[in-house]
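Secondary and tertiary structure notes
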Amino acid sequence: MSYQELCRELSAAGPGTFGELDTTGARSVLRRYSDAWFATAKRRKDGEETARYPRRKRRLMPVRYYHGTFTLDGMRLRLPAGRGCAPLWVRLGRPVPYPAGQVRSVTLVAEGGRLFVDVTAEVPITTYSPGQEPDPGRVAGVDPGVIHPFAVAGPDGEGLVVSGRAIRAEAHLHLRDAKHRRRAMARRTPKPGQAGSRRWRKLRARQRKVEARHRRRVRQAQHEAAKTVIDWAVARRIGTLVVGDPRGVLALKAGRRHNRRVRDWRIGYLIRCLKDKAEQAGISLMLVDERGTSSTCPACRQRASKPKDRNFACTRCGFKGHRDLVGGANIARRGPGGTITTNMFPVVITHRRAGRHLPGAGRSRRDPRRSPHHGTAHRVPWPAVARPTTRGESLAPSEDQPTPTSQRGKR
C-alpha cells in the first residue's frame, strides 16, 4: 500500500488507532514505514537480495511534527496528542539555535536510552557585501578520503588538507573497547532464551548508549571538517566545489580490515554535510566520478602507479606533490571551468584538524587510552591525568618528550 492508501486506512479506522498519537504523529509513522518499504522494494528490484522489508515491530519510532502543529516556547516544546489526551510538554536541555519562526519541523527521536528533538529550520543563504561574494568562475576540487576527510586543490596555487586521524582513532578505539567489553561481559551475558530478562535489557541499554555516543562524536567531527572547507572557500571567494564521489568502491570486497575502515568512513553523510553548508554559503557543489584521479599526473596527464604513502611522484615528467591534492586537482579539471585550478599546483598548503573534541585529540594527537610508542614507558591508566607526587612531579609520562638514550632498545 502507498502512503496515501495508508492514510485513508487511518481515517477509516477512527481515533485511538495509534493510542495517544494524534493524526499528525500517526501519519509521520506511516510516512517513514512507506518510504522504507518502497526503498527496499527498489533495492531488491535492482538485484540486492540482502535488502529486508520493515516487518520488525518496534517499540519506539521517530515521530515528526510539521510547522503549525507544535509550539516552541523558549526551553519548552508543546506537542499535540490524541483526542481526549493532554498535550505533551517536552523540556529541552538547551535553547534551539534558530528563531521559532524559522523552525519548520521537529522530530522526537529515542536513541541510546535518551530522548532527542531533531529540529529542521529554514536558514537563509549568507549575504555578502559587493565584491566579497563567491565567484562561480573560481573552481576548487575536493578529494574525500579516510585519513584526510577533505583535500581541496584551489586556484592561485593554494590547497587545504583536513586531517581526520582523530576520527579514525575514535573508530579504532571504539572497536577495541567494544571487543574488550564483550570479553568482560561474556560470563554474565544472558543466554539466547533469556532475551527478555532484566539482565539482557540492561546489557542492551549499555551497548546502545555507547554506540550512540560514538556516532554523535563522529558526526560532530565530520561537521567540523565540512565547516573548515566552506570557511576556507569563502575566504578565497570560491564559488564552485567539484567533489569526487567515491561511493562506487563501497560494494567492493577488500578484506575485513579495509571493509571495516570503509564502513566507519560514512562518506554519504560526509558529502551531505558539505553540500548543506555549501548551499547555505551560496556555493554550488557538483559530484563527479573520481576514478583514476589519485593515480594521474596533473602535469603530463599520464597514469602513474599509485603511491603507498602520501607523496605522489611521476616517473615521466618528475612532478611531485601531495597525493590527495593531486586527486583534488584532477577532480577540479573534470568540472566545468575547472582548468583554471590546475594551471598551478598548490604550493601553499593549509593544514587543519577535525575532531578536537574527541578524547585525547590534543597537541600530541594521541588518545590517552593507547599505550605509548616506546616499550619502556609504563602504560598510563585511562583517563591519563597527571597525578602529582609528593615532590610535585607528574607520574604520567609525556608523549611529546623523546625517550632517553640510555633506555632505548630495552624492553
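Parameters at a glance
Residues numbered from 1 in each chain as written. Predicted model: local features only at pLDDT ≥ 70, side-chain atom pairs only at ≥ 80, totals over all residues. Heavy atoms only, no water. UniProt positions renumbered as here; feature names shortened; annotations may be inferred. Core = buried A, V, L, I, M, F, W, Y, C linked by side-chain atoms within 4.5 Å. Buried < 20%, exposed > 50% of the residue type's maximum accessible area, 1.4 Å probe, protein only. Helix = DSSP H or I, 4+ residues; strand = E, 2+ residues; numbered from the N terminus. Contact = heavy atoms within 4.5 Å. Axes fitted to C-alpha atoms, helices over the stretch in contact; angles between N-to-C directions. Left-handed = near helix turned anticlockwise from the far one by under 90°. pLDDT = per-residue confidence, 0-100. Pairing = 2+ DSSP bridges. Patch = residues over 30% accessible without salt bridge, like charges linked within 9 Å, V, L, I, M, F, W, Y side chains within 5 Å. Areas by Shrake-Rupley, 256 points an atom, 1.4 Å probe, with all protein chains shown as cover. Salt bridge = Lys/Arg side-chain N within 4 Å of Asp/Glu carboxyl O. Phe/Tyr/Trp six-rings, centres within 6.5 Å; stacked < 30°, edge-to-face > 60°. Lys NZ or Arg CZ within 6 Å of the ring centre and 35° of its normal. Lys, Arg positive; Asp, Glu negative; His and termini not counted. Polar contact = N/O pair within 3.5 Å; in protein donor to acceptor, adjacent residues only side chain to side chain.

The name an unreviewed UniProt entry assigns to the protein chain is Transposase, from the organism Actinoallomurus iriomotensis. What UniProt states about the protein chain under its Sequence similarities (unreviewed entry) heading is, verbatim, "In the C-terminal section; belongs to the transposase 35 family."

1. Observations concerning the nonpolar core
A general tendency of soluble globular proteins is for nonpolar side chains to be buried together. One finds Val 142, Phe 150, Val 152, Val 162, Val 229, Leu 241 and Leu 274 to be the most contacted residues of the largest nonpolar core, which totals 29 residues. Sorting the residues of this core by element identifies strand 7 (135–144), strand 8 (150–153), strand 9 (158–163), helix 4 (198–235), strand 10 (238–245) and helix 6 (267–280) as the ones contributing at least two each. Dropping the residues within four chain positions of it, Val 229 is found in contact with Phe 150, Val 152, Leu 160, Val 162 and Leu 274.

2. Structural notes on the packing of helix 1 (residues 3–13) against helix 2 (residues 23–45)
Two elements in contact, helix 1 and helix 2, have axes whose closest approach is 10 Å; the angle formed by their N-to-C orientations is 145 degrees. The element helix 1 and its partner helix 2 pack so that their crossing is right-handed. In contact with Tyr 3, Leu 6, Cys 7, Leu 10 and Ser 11 of helix 1, helix 2 contributes Thr 23, Ala 26, Arg 27, Leu 30, Arg 31, Tyr 33 and Ser 34.

3. Section: the confidence of the model for the protein chain
In this model, the protein chain carries an average pLDDT of 80, and 84% of its residues clear a pLDDT of 70 or more. Least confident of the elements in the protein chain is helix 5 (residues 256–265), whose mean pLDDT is 80; most confident is strand 3 (residues 76–79), at 93. The low-confidence segment residues 338–342, where pLDDT is below 50, has 14 contacts with residues more than four positions distant or belonging to other chains. pLDDT under 50 marks residues 379–411. Its contacts with residues more than four places away, or in other chains, come to 29 contacts.

4. Focus on the sheet that holds strand 4 (residues 88–91)
Backbone-to-backbone hydrogen bonds join strands into a sheet, with any given pair of strands oriented parallel or antiparallel. Across the sheet, 3 strands lie side by side as 2-3-4; this open sheet has antiparallel pairing. Edge positions in the sheet fall to strand 2 (71–73) and strand 4, since each of these pairs with one other strand and no more. On average, adjacent strands in this sheet sit at an angle of 20 degrees to one another, irrespective of strand direction. Relative to strand 4, strand 3 runs antiparallel, the two being bridged by 4 bridges. Considered in strand 4, the bridge of Leu 77 is made with Val 90.

5. Overview of the environment of Leu 274
When you line up the elements, Leu 274 lands in helix 6. Residue contacts for Leu 274: discarding those within four places in its chain leaves Val 142, Phe 150, Ala 226, Val 229, Ile 230, Val 243 and Leu 285.

6. Things to note about helix 7 (residues 323–333)
Taken across its 11 residues, helix 7 has 11 buried, putting it largely inside the fold. Here helix 7 has its buried residues at Arg 323, Asp 324, Leu 325, Val 326, Gly 327, Gly 328, Ala 329, Asn 330, Ile 331, Ala 332 and Arg 333.

7. Things to note about a nonpolar patch on the surface
There is a patch of nonpolar side chains on the surface, built from Tyr 33, Trp 37 and Phe 38 and spanning about 280 Å² of accessible area. Tracing the chain through its elements places Tyr 33 in helix 2.

8. A short note on the packing of aromatic side chains
Applying the stated criterion across every chain yields a total of 3 aromatic pairs. Ring geometry for Trp 37 and Phe 38: centres 5.2 Å apart, planes at 75 degrees, overall edge-to-face. Residue class for Trp 37 comes out partly exposed when judged on its relative accessible area of 31%. Taking the ring centre of Tyr 3 as reference, the NZ or CZ of Arg 31 above it sits at 4.0 Å.

9. Let's talk about the side chain of Arg 333
Examined against the element boundaries, Arg 333 turns out to sit in helix 7. The side chain of Arg 333 is buried and forms no salt bridge, while Asp 143, the nearest opposite charge, is found at 13 Å. Within the local environment of Arg 333, its side chain forms a polar contact with the backbone oxygen of Pro 298, the two atoms lying 3.2 Å apart.

10. Section: the pattern of salt bridges
All told, the structure shown has 12 salt bridges when counted by the stated rule. Linking Arg 43 and Glu 48 is a salt bridge whose minimum nitrogen-to-oxygen distance equals 2.8 Å. Since its relative accessible area comes to 33%, Glu 48 is described here as partly exposed. Ionic pairing is found between Arg 44 and Glu 49, a salt bridge with its closest N-O pair at 3.7 Å. Classification of Glu 49 by relative accessible area gives exposed; the value is 52%.

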